[in-house]
Amino acid sequence: MSLQQGAGGFPSGFSADFLSSLSRPPRIVTAADRLTTGCLNVCFGTSADYTATLPTPSADAMLAVAMDLALTKIVTVDAGSGKTIGHLGQSQKMWAGESLVLVGVNSTTWRI
């Protein structure tokens, strides 16, 4: 598996301007794991569905989640008990090519 890099080290097809406030390099996620703030978390996987858990939100924390185009399984992005992802509720199922950019509002809410 290789991550095709475009402008600014971000994967091809992603705008560096749109993600310019992310301070860390992209991170590859291939199985159940906790996502990281300050970077683009790119989910890959072909063997099983899995859950990517969001960290506890905090004011102005930011992260991006993108599903690789070759992803053949479902990734559930989960905010955790008592926390929400905007109007989506506690979790969101995602498939190949989908993405989210989340900004923390407080200790219980991620804004899309």
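These notes cover the structure that comes with them. This structure is a prediction, so every number in the text was calculated from the model and none was measured.

1. A few points about the nonpolar core
One finds L35 and L54 to be the most contacted residues of the largest nonpolar core, which totals 19 residues. Put simply, the parts of the chain that give this core at least two residues each are β4 (50-53), β5 (62-67), β6 (75-78) and β9 (99-104). In contact with L54, not counting residues within four places along its chain, are R34, L35, L63, V77, D78, A79, I85, L102 and W110. Ranked by size, the runner-up nonpolar core spans 9 residues in total, among them L22, V42, F44 and V103.

2. Some words on the pairing of strand β3 (residues 40-43)
Across the two faces of β3 the burial is the same, with L40 and V42 and N41 and C43 all buried. As judged from the 3 bridges shared by strand β1 (residues 27-29) and β3, these two strands associate in the parallel manner. Its bridge partner lying in β3, R27 is registered against N41. For β3 and β5, the ladder comprises 4 bridges, and the chain directions are parallel. Counted as the bridge partner of V42 is A66 from β5.

3. Let's talk about the sheet that holds β4
With mixed pairing, the 4 strands of this open sheet are ordered in space as β2-β4-β6-β8. Whereas interior strands pair on both sides, the edge strands pair on one side only; in this sheet they are β2 (33-34) and β8 (91-94).

4. Quick look at the pairing of β9
The buried count for β9 comes to 5 of 6 residues, which makes it a mostly enclosed element. With antiparallel pairing between neighbouring strands as the criterion, β9 and strand β10 (residues 109-111) make up a hairpin whose turn holds 4 residues.

Conventions we followed
- Residue numbers restart at each chain and count upward from 1, following the sequence in its written direction.
- Selection of residues for local features in this predicted model requires a pLDDT of at least 70, selection of side-chain atom pairs for listing and counting requires 80 or more, and totals for whole chains, interfaces and linings are taken over all residues.
- Calculated side-chain values reflect all of the structure's heavy atoms, with hydrogen atoms and water omitted.
- Among the buried residues, those of types Ala, Val, Leu, Ile, Met, Phe, Trp, Tyr and Cys that are joined through side-chain atoms within 4.5 Å form a nonpolar core.
- Burial classes: relative accessible area under 20% of the type maximum marks a residue as buried, over 50% as exposed, and values in between as partly exposed (1.4 Å probe, protein chains only).
- The helix and strand labels rest on DSSP assignments: H or I over at least four residues marks a helix, E over at least two residues marks a strand, and numbering proceeds from the N terminus.
- Contacts are assigned to residue pairs that have any heavy atoms within 4.5 Å of one another.
- Each pair of strands is called paired provided DSSP finds at least two bridges between the two strands.

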